[in-house]
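# Structural overview
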Protein chains: 2
Amino acid sequence: VTTTAQPNHDAPAEALRVAEPLAPVETAQRRTPAEEARTIVAAGSLATLSTLTRDGGPWGSLVAYATIGEGRPVLLVSTLAEHGRNLHRDPRASLCVAADPAGRDPLDSGRVTLAGVARRPEGDDAARARDAYLAALPASREYAAFGDFSLWVLEIERARWVGGFGRMDSVTAEAYATATPDPTARAAAGAVRHLNDDHADVLLLMAQRLGGHPDATSARARGIDRHGLDLWTATPRGPAPVRLGFTGPVQRPDGLREACVELARRARSG
Amino acid sequence: VTTTAQPNHDAPAEALRVAEPLAPVETAQRRTPAEEARTIVAAGSLATLSTLTRDGGPWGSLVAYATIGEGRPVLLVSTLAEHGRNLHRDPRASLCVAADPAGRDPLDSGRVTLAGVARRPEGDDAARARDAYLAALPASREYAAFGDFSLWVLEIERARWVGGFGRMDSVTAEAYATATPDPTARAAAGAVRHLNDDHADVLLLMAQRLGGHPDATSARARGIDRHGLDLWTATPRGPAPVRLGFTGPVQRPDGLREACVELARRARSG
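Here the structure is a predicted model, which means the values were calculated and not measured. (Residues numbered from 1 in each chain as written. Chains lettered and ligands numbered in written order. Predicted model: local features only at pLDDT ≥ 70, side-chain atom pairs only at ≥ 80, totals over all residues. Heavy atoms only, no water.)

Moving on, we come to the relation of the copies chain B and chain A. Take chain B, turn it by 180°, move it 0.0 Å along the axis, and it overlays chain A with an RMSD of 0.0 Å. The two molecules are tied by a two-fold rotation axis, judged by turn and shift. Most of the interface of chain B is mirrored in chain A, where 100% of its interface residues are also at the interface. (Least-squares fit on C-alpha atoms with pLDDT ≥ 70 in both. Contact = heavy atoms within 4.5 Å.)

Now the structure itself:
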């Protein structure tokens, strides 16, 4: 996983040039690709299901989903829908979940594809799947009991995470199953907005003193997660991305504030 | 296309019960399924592309798209991406475009699947495809010139439109190609909000005098398009959907206001 520019594209070099840090910077932990995938899947409720038509062609359709243990997606599918008939014929499927796009280019944001085989859950698994689906999609109570609808669980064989340009990786089924969704994900957009609206001075200090750009003239938060804070900073040498790690991963949904206060303290004393 | 409840589900009847009109109501034109499909595709810019993996499994991934003549989607795809390698191996593809969800159940909103074969455009078509893509996705200028990216045009063989529960239909390639996107689509959400915020009294009059529910006690706009206005109305006999047609299809993006004023005039004099 590269964190800034994508070196694999056959690209004009100047398109990707950013200012290098002038001082050594601690490498900050990031979410693993498996954590990224689990986080996107946990945050979403709509996805595109890809199935196979009768003649083996690819068919995409919009579905709602819930998740049960290990981030496995649960679908409620009608045999009146083409994808329902497709699954009954060939249960191979993939589910593409996109995070809400944030930046000016909608492709520069997170999404994940989970590929595997859809199975009708049985026994306790069926009850768990049904409960999870009804909890996530309350409106589905109106049709979940219809005779043509049935529950499916996608048993994941591999996953592919794309975080935006130059941030992507494949994820094994085991890594996906054992990773933890970021508990702070829901609070992240609000935290970024708050930092930019009310604490631009502190962000600049962070970029100067912790981010390796002592000549930075401004800084904006562009992302935050349980492991750290991402900034874009402007310097006389050009723009630069800055990644600042927290002292440890935030464990609680409301823990970002405390972690940022600690980062600000380090910047002020740094 | 049915406009209210879906009669094909194997459903408890009471789940779908609505109040019938007490007076005869003119049948109001709706967008055809092909017009619905063209309208959703014209409004969007992000979609999920379904392609086939090496072993023939379905693979979904997020893409941005533009359109050229007859609503054909244009993609800019990297061979570094799995979907890019998939298309080079087997050009069968489908593109699933979802409209912004509006109601309480995200599945009760529009989406369309376009299925066909992706082709590398040539000659004038290639120039048109490139211009359309760069116009729709200006940020792509930064990578469109990269050597690993290439343009594809999806040649559509069939389309499937789903408008929400009980509104769905298949669309032939010819019907899709020759239909016109609704020019008022961008203004619709704002118009619905304005009608509900400022003209609840007129909406009630429309439901009572034009919609066949003289005993209606309240009414809310739930949708609007070039052909007419959709209401939900409350009556002592239960809720009811009401569809009111305009005198003719609105031809201009800013024509909804005039059409609603005319509808209000008919309700007041009706």
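Residue and element names in this part refer to chain B. For strand 5 (residues 92-98), the tally of buried residues reaches five of seven residues, placing the bulk of the element in the interior. Strand direction decides the pairing type here: strand 1 (residues 46-52) and strand 5, joined by three bridges, are antiparallel. Counted as the bridge partner of Ser50 is Ser94 from strand 5. In the sheet, strand 5 pairs with strand 6 (residues 111-119) via seven bridges, with the strands oriented antiparallel. (Buried < 20%, exposed > 50% of the residue type's maximum accessible area, 1.4 Å probe, protein only. Helix = DSSP H or I, 4+ residues; strand = E, 2+ residues; numbered from the N terminus. Pairing = 2+ DSSP bridges.)

Residue and element names in this part refer to chain B. Strands sit in the order 9-10-11 across an open sheet of three strands; the sheet is antiparallel. Both outer strands of the open sheet, strand 9 (218-225) and strand 11 (238-245), are each paired with one neighbouring strand and no more. In this sheet, adjacent strand axes meet at a mean angle of 20° when their direction is disregarded. Relative to strand 10 (residues 228-235), strand 9 runs antiparallel, the two being bridged by seven bridges. The residue bridging Ala219 from the neighbouring strand is Thr233, located in strand 10. (Axes fitted to C-alpha atoms, helices over the stretch in contact; angles between N-to-C directions.)

The next thing to look at is the sheet that holds strand 9 (residues 218-225) of chain A. Residue and element names in this part refer to chain A. Within the open sheet, the three strands sit side by side as 9-10-11. Their pairing is antiparallel. Each edge of the open sheet is held by one strand with a lone partner, namely strand 9 and strand 11 (238-245). Along the sheet, successive strands turn relative to each other by an average axial angle of 20°, direction set aside. Two strands pair when backbone bridges link them, and strand 10 (residues 228-235) and strand 11 are joined in this way by eight bridges, in the antiparallel orientation. Of the residues in strand 11, the one forming a bridge with Thr235 is Gly238. Against the sheet, helix 6 (residues 185-198) contacts strand 9 and strand 10, and its axis sits at roughly 165° relative to strand 9.

Listed as interface residues are 51 residues of chain B and, on the opposing side, 51 residues of chain A. Taking both partners together, chain B and chain A bury about 4,000 Å²; carbon and sulfur atoms supply 64% of that area. For chain B, the biggest contributors to the area lost against chain A are Pro58(B), Trp59(B) and Leu62(B); these three give 16% of the whole. Here Arg158(A) ties to Glu82(B) by a salt bridge, and the two come within 2.6 Å at their closest N and O atoms. Applying the counting rule to chain B against chain A returns 12 residue pairs in polar contact (both at pLDDT 80 or more). Elements with a contribution of two residues or more to the side of chain B that touches chain A: strand 1, strand 2 (58-64), strand 5, strand 6, helix 4 (141-144) and strand 7 (149-164) of chain B. A per-class count over the side of chain B that touches chain A returns 25 nonpolar, 15 polar and 11 charged. (Buried area = accessible area lost by both parts, 1.4 Å probe. Salt bridge = Lys/Arg side-chain N within 4 Å of Asp/Glu carboxyl O. Polar contact = N/O pair within 3.5 Å; in protein donor to acceptor, adjacent residues only side chain to side chain. Nonpolar A, V, L, I, M, F, W, Y, C, P; charged D, E, K, R; others polar.)

Attention now moves to the packing of helix 6 (residues 185-198) of chain B against helix 7 (residues 200-209) of chain B. All names here are of chain B. Put simply, helix 6 and helix 7 touch, their axes get as near as 5 Å, and they point 95° apart. Judged by the angle between their axes, helix 6 and helix 7 are roughly perpendicular. Judged by residue contacts, Leu195, Asn196 and Asp198 of helix 6 engage Ala200, Asp201 and Leu203 from helix 7. Its residues assigned to classes, the contact of helix 6 with helix 7 comprises three nonpolar, one polar and two charged. (Parallel < 35°, antiparallel > 145°, perpendicular 65-115°, else oblique.)

In this section: helix 6 of chain B. Residues and elements named next belong to chain B. In this model helix 6 runs 21 Å from its N-terminal to its C-terminal C-alpha over 14 residues, within 8% of the 20 Å that 1.5 Å per residue would give. Along helix 6, the positions that sit buried rather than exposed are Ala188, Ala191, Val192, Leu195 and Asn196. In this fold, the buried residues of helix 6 make contact with helix 7, strand 9, strand 10 and helix 8 (256-269). (Expected span 1.5 Å × (residues − 1).)

Our focus in this paragraph is helix 7 (residues 200-209) of chain A. Burial in helix 7 of chain A covers these residues: Val202(A), Leu203(A), Leu204(A), Met206(A) and Ala207(A). Contacts made by the buried residues of helix 7 of chain A are with helix 6, strand 9, strand 10, strand 11 and helix 8 (256-269) of chain A.

What follows concerns the pattern of salt bridges. Residues and elements named next belong to chain A. Applying the stated rule across the entire model yields 28 salt bridges over all chains. Of the charged contacts, one joins Asp215 and Arg237 as a salt bridge, the two residues approaching to 2.8 Å between their closest N and O atoms. Here Arg237 lies in the loop between strand 10 and strand 11 and Asp215 lies in the loop between helix 7 and strand 9, a separation of 22 residues in the sequence. With a relative accessible area of 23%, Asp215 lands in the partly exposed category. The class for Arg237 is partly exposed, based on a relative accessible area of 35%. The salt bridge involving Glu262 is made with Arg265; its shortest N-O contact spans 3.2 Å. Taken together, the residues span about one helical turn, with Glu262 and Arg265 both in helix 8 at a distance of three residues. Each of the salt bridges in this network shares a partner with another, and the network as a whole consists of Arg30, Asp225, Asp230 and Arg243.

Turning our attention to the environment of Ser269(B). Residues and elements named next belong to chain B. Within the secondary structure, Ser269 sits in helix 8. Of the residues examined, Ser269 reaches a relative accessible area of 56% and is grouped as exposed. Linking Ser269 and Arg209, residues 60 residues apart in sequence, is a C-alpha distance of 9.0 Å. A distance of 3.4 Å separates the side chain of Ser269 from the backbone oxygen of Arg266, its partner in a polar contact.

Here we come to the packing of helix 7 of chain B against helix 8 of chain B. Residue and element names in this part refer to chain B. Between helix 7 and helix 8, the shortest axis-to-axis distance is 9 Å and the interhelical angle comes to 60°. Considering their axes alone, helix 7 and helix 8 lie oblique with respect to each other. For the element pair helix 7 and helix 8, the recorded crossing hand is left-handed. Of the residues in helix 8, those in contact with Val202, Leu205, Met206 and Arg209 of helix 7 are Cys260, Leu263, Ala264, Ala267, Arg268 and Ser269. (Left-handed = near helix turned anticlockwise from the far one by under 90°.)

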